[in-house]
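Examination of the molecular architecture
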Amino acid sequence: SAWIDSLDLTTRGRFNVFSVCKTFLNSDLVFDHCEVNPFRTPPPKQDKDHRVPILTPKQMGALLQGAFPPWFRNWLVCGAFAGLRTIEVLRMSHDAFDFEFDEIVVRKAEAKQGEAAKPRTVTMLPAFKRHMPQQKGMIMEGYTEKRMRRCYRVARAMLGEEKWLKNSL
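Residues numbered from 1 in each chain as written. Predicted model: local features only at pLDDT ≥ 70, side-chain atom pairs only at ≥ 80, totals over all residues. Heavy atoms only, no water.

1. Topic: the nonpolar core
To be explicit about the condition: The nonpolar core is taken to be a set of buried Ala, Val, Leu, Ile, Met, Phe, Trp, Tyr and Cys residues, with the residues joined through side-chain atoms within 4.5 Å. Note on exposure labels: buried denotes an accessible area under 20% of the residue type's maximum, exposed denotes more than 50%, and partly exposed covers the range between, all computed with a 1.4 Å probe on protein chains only. The contact rule is simple, with two residues in contact once any of their heavy atoms fall within 4.5 Å.
By size, the foremost hydrophobic cluster in this structure holds 33 residues, and its most contacted members are Phe72, Cys78, Leu84, Met92, Phe97, Ile104 and Phe128. Contact partners of Ile104, with chain neighbours within four places excluded, come to Ala82, Leu84, Met92, Ala96, Phe97, Arg120, Thr121, Val122, Met124 and Phe128.

2. Considerations on the packing of helix 4 (residues 57-65) against helix 5 (residues 70-82)
Short version of the rule: Note on method: axes are straight lines fitted to C-alpha atoms, helices fitted across the in-contact stretch only, with angles between N-to-C directions ranging 0 to 180 degrees. Helix numbers and strand numbers start at the N terminus; a helix is a DSSP run of H or I with at least 4 residues, a strand a run of E with at least 2. When describing relative orientation, an angle under 35 degrees is termed roughly parallel and one over 145 degrees roughly antiparallel, while 65 to 115 degrees is termed roughly perpendicular and anything else oblique. We call a crossing left-handed when the near helix sits turned anticlockwise from the far one by less than a right angle, and right-handed when that turn is clockwise. Throughout this entry, Asp, Glu, Lys and Arg are counted as charged residues, while Ala, Val, Leu, Ile, Met, Phe, Trp, Tyr, Cys and Pro are counted as nonpolar. The remaining residues, Gly among them, count as polar.
Running from amino to carboxyl end, helix 4 crosses helix 5 at an angle of 155°, the nearest separation of the two axes being 10 Å. As far as their axial angle goes, helix 5 and helix 4 are roughly antiparallel. For helix 4 against helix 5, the interelement crossing comes out left-handed. Touching Met60, Leu63 and Leu64 of helix 4 are Arg73, Leu76, Val77, Ala80 and Phe81, all from helix 5. Split into classes, the residues belonging to the contact of helix 4 with helix 5 amount to 7 nonpolar, no polar and 1 charged.

3. Section: the packing of aromatic side chains
For any pair of aromatic rings, the description rests on two quantities: the centre-to-centre distance and the angle between the ring planes. Using the following cut-off: In summary, the pairing rule links any two rings of Phe, Tyr or Trp, Trp by its six-membered ring, whose centres are within 6.5 Å, and it sorts them by plane angle into stacked for under 30 degrees, edge-to-face for over 60 and tilted for everything else.
Following the criterion strictly, the structure yields 9 aromatic pairs and no others. Considering the side-chain rings of Phe72 and Tyr152, the 6.4 Å spacing of their centres and the 70° angle between planes classify their relative orientation as edge-to-face. Of this pair, Phe72 sits in helix 5 while Tyr152 sits in helix 8 (residues 145-159), placing them 80 residues apart in sequence. Seen from their ring centres, Phe97 and Phe128 are 5.1 Å apart, and the 75° between their planes marks the pair as edge-to-face. Taken together, the residues span a long stretch of sequence, with Phe97 in strand 1 (residues 97-98) and Phe128 in helix 7 (residues 126-131) at a distance of 31 residues. When its relative accessible area of 7% is taken as the criterion, Phe97 is described as buried. By the ring-pair criterion, three or more aromatic residues cluster together here, those being Phe68, Trp71, Phe72, Trp75, Tyr143 and Tyr152.

This is the structure we're talking about:
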């Protein structure tokens, strides 16, 4: 908790660090080897309304193996393995991915609007490289809101959820 508080991040950023650490340390492979998990409870003074359930590796694997259009699969990979926002993925092309240097460049024009519209570089995880095809064109080519809702419905059914878990990637 003290370590997270010492980071020069926003409240949401500190919570995101906490969530990643908690997910890692709660996995079956790691938890049995740790005597103490400092990420069992959230850091103090966190807004509990911001917490969302995070998809498990098994759930994510099921979605990646599902019969979804390529743009939906790309969206899943960008959200789950790079933390890219939907609005960013909608505006990005495959040119933003530098597979040689393991970087994703989010330009200001592609970033979230308003005060948060800042360019940034995201490190590519090995899972991102495994699941994201190296091709040309827009990442979400073929996307429409109607098609996205249809894919959400199928994904919810696959996961046994009543509604789509917004931001669960």
